[in-house]
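Coordinate inspection notes
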Amino acid sequence: MDPSVVIVHRSDTRRKACAGCVKAKRRCDLTLPACSRCTKRNIGCSYGGNGIVIGEQAVVSTELETVPIWPVIPFTPPPEPTLEMGYENFLSSPYTSFSFPHLVTADPFQVEYCVSELQRSVETLVLEGRTTFMHPDLYSESMPEIYQDLIGICSFYMQRTPQNYPMVFRMMDARLRKLGESAKSVVQLGHWLLHVQTLIMYQIMRLFDGDSEQRTKAENDMKVLDAWTERLQAEFSEADLAPVEPTRNWIMMESIRRTLMVSWLIRGMYKSIMEGVCDVVPVLARLLVSENAEAWDGMSPVVQNQNLVTYPDYVERWNVGKVKNVNLYEMILLRACPDAIIEGLSRWGQLESRSRFLDS
């Protein structure tokens, strides 16, 4: 389609605006599939049951919702998406506020388990539309362009061969540049969440693929991921939620909590592979974990005002038997913590071999 062509709604009545603009008493530009005002506010745009016209070809509009279906939280992106901040800025006093060591010796076995499960995110996103930190309902309706790009890259990555390998990562580099550019114009927290999640997925593929060139590129982008994650945490406030259905509120908030956790875990896991120590324990100790594991998989109703605990408290509650159900995400958290008691062991035996994820 010619990019200069603007698709507009043609009404069979005297109505000159979509339902949302009529309600807000605002001028409507009648563009399709949603007017500019509704698009900017990330709300459903409806022109009723009338047809729409592209030249002489009539199409039936199916957009009926006129209220937000996901929490709408205003957001101001960082001045520069490549802002170099580092995790020390995440806490005003990362070492004096908590009784957790700066550096913790990592067990290669537990690191390998966690990285393997994170790598599976590529497959589960393509085959199931979900990961441990990306809920399947979050983007199933709107399908933002950068999400579509991510699905495409993950699909191509799963089919990589020695012959198409360079092409896979050239395409990934192009999508990363596009992601960085679009980050400059984000105005809602939900969109910023998707940017952080997308960068996490690209980092998982590049850091742990085994290719030294891709690993170097990913290392250069670690500070970008740190800065984006910090901004997500800084803007995150449940008090700012727009009034939408409670289950959707919970999915959005839990997605943010999990994304923050996974982002810092990746930083810690990679540091552990390279240097044998994890350096983000003070940050991880501050993050919150929900005990309602089954709600994420849609097997139980969302619990209102559920108990959220810090990561260390969650491990302690698991150790004393107060946590009954865990899914893959919670198991990653437990495996990542050497103090978690799993199968009667509080710590795993030390392995001498270097992680296989660095083999070129």
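Residues numbered from 1 in each chain as written. Predicted model: local features only at pLDDT ≥ 70, side-chain atom pairs only at ≥ 80, totals over all residues. Heavy atoms only, no water.

**Points about the pattern of salt bridges**
Rule in force here: Every case where a carboxyl oxygen of Asp or Glu lies within 4 Å of a side-chain nitrogen of Lys or Arg is listed as a salt bridge. Every helix listed is a DSSP run of H or I at least four residues long, and every strand listed is a run of E at least two residues long, numbered separately from the N terminus. Partly exposed residues are those whose accessible area sits between 20% and 50% of the maximum for their type, while under 20% is buried and over 50% is exposed, using a 1.4 Å probe and protein chains only.
Within this structure, the stated rule accounts for 18 salt bridges. Two residues, Glu117 and Arg120, come together in a salt bridge whose shortest N-O distance is 2.9 Å. Of this pair, Glu117 and Arg120 both sit in helix α3 (residues 108-128), three residues apart, which is roughly one turn of that helix. Note on Arg120: relative accessible area 40%, which makes it partly exposed. A salt bridge links Asp279 to Arg267; the shortest N-O distance between them is 3.3 Å. Placement of the pair is Asp279 in the loop between β5 (277-278) and α10 (281-284) and Arg267 in helix α9 (residues 246-275), with a sequence separation of 12 residues. Where salt bridges share partners, they join Glu145, Asp149, Arg175 and Lys178 into one cluster.

**Remarks on helix α4 (residues 145-158)**
For clarity, the cut-off: Multiplying 1.5 Å by the helix residue count minus one yields the expected span of that helix. Here, two residues are considered to be in contact whenever any of their heavy atoms come within 4.5 Å of each other.
Between the first and last C-alpha of α4 there are 20 Å, a value that for 14 residues agrees with the 20 Å anticipated at 1.5 Å per step. When we look at burial in α4, the residues that qualify are Ile146, Tyr147, Asp149, Leu150, Ile153, Cys154, Phe156 and Tyr157. The elements touched by buried residues of α4 are α3, α5 (165-183) and α6 (189-207).

**A look at the packing of α3 against α9**
The line we're drawing: Axis lines are fitted to C-alpha atoms, over the contacting stretch for helices. Their N-to-C directions set the angle, which ranges from 0 to 180 degrees. Roughly parallel refers to an angle under 35 degrees, roughly antiparallel to one over 145, roughly perpendicular to one between 65 and 115, and oblique to any angle outside these ranges. Definitions for this section: a left-handed crossing has its near helix turned counterclockwise from the far helix by less than a right angle. A right-handed crossing has that turn clockwise.
α9 packs onto α3 with a crossing angle of 135° between their chain directions and a minimal axis gap of 10 Å. Considered as vectors, α3 and α9 are oriented oblique to each other. Considering only the axes of α3 and α9, their crossing is left-handed. On α9, the residues that touch Val111, Cys114, Val115 and Leu118 of α3 are Val262, Ile266, Met269, Ser272 and Ile273.

**As for the packing of α4 against α6**
Put simply, the test is: Classification convention: Asp, Glu, Lys, Arg as charged; Ala, Val, Leu, Ile, Met, Phe, Trp, Tyr, Cys, Pro as nonpolar; all other residues, Gly among them, as polar.
Look at α4 against α6: their axes get within 10 Å of each other, and the N-to-C directions meet at 15°. By the angle between their directions, the pair α4 and α6 is classed as roughly parallel. Of the two possible hands of crossing, α4 and α6 adopt the one that is left-handed. Counting all contacts with α4, which are made through Ile146, Tyr147, Asp149, Leu150, Ile153, Cys154 and Tyr157, the residues of α6 involved are Leu194, His195, Thr198, Met201, Tyr202 and Met205. A class-by-class count of the residues in the contact of α4 with α6 yields 10 nonpolar, two polar and one charged.

**Here we look at the nonpolar core**
Formally: Residues grouped as a nonpolar core are buried Ala, Val, Leu, Ile, Met, Phe, Trp, Tyr and Cys residues, joined through side-chain atoms within 4.5 Å.
One finds Met134, Met201, Ile256, Met261 and Tyr311 to be the most contacted residues of the largest nonpolar core, which totals 84 residues. Per-element tally for this core: the top contributor is α9, with 14 residues. Every residue in contact with Met201, bar those within four places of it in the chain, is listed here: Ser121, Val122, Leu125, Thr131, Phe133, Met134, Leu150 and Cys154. Listed in part, the nine residues of the second largest apolar core include Ala17, Cys18, Cys28 and Ile43.

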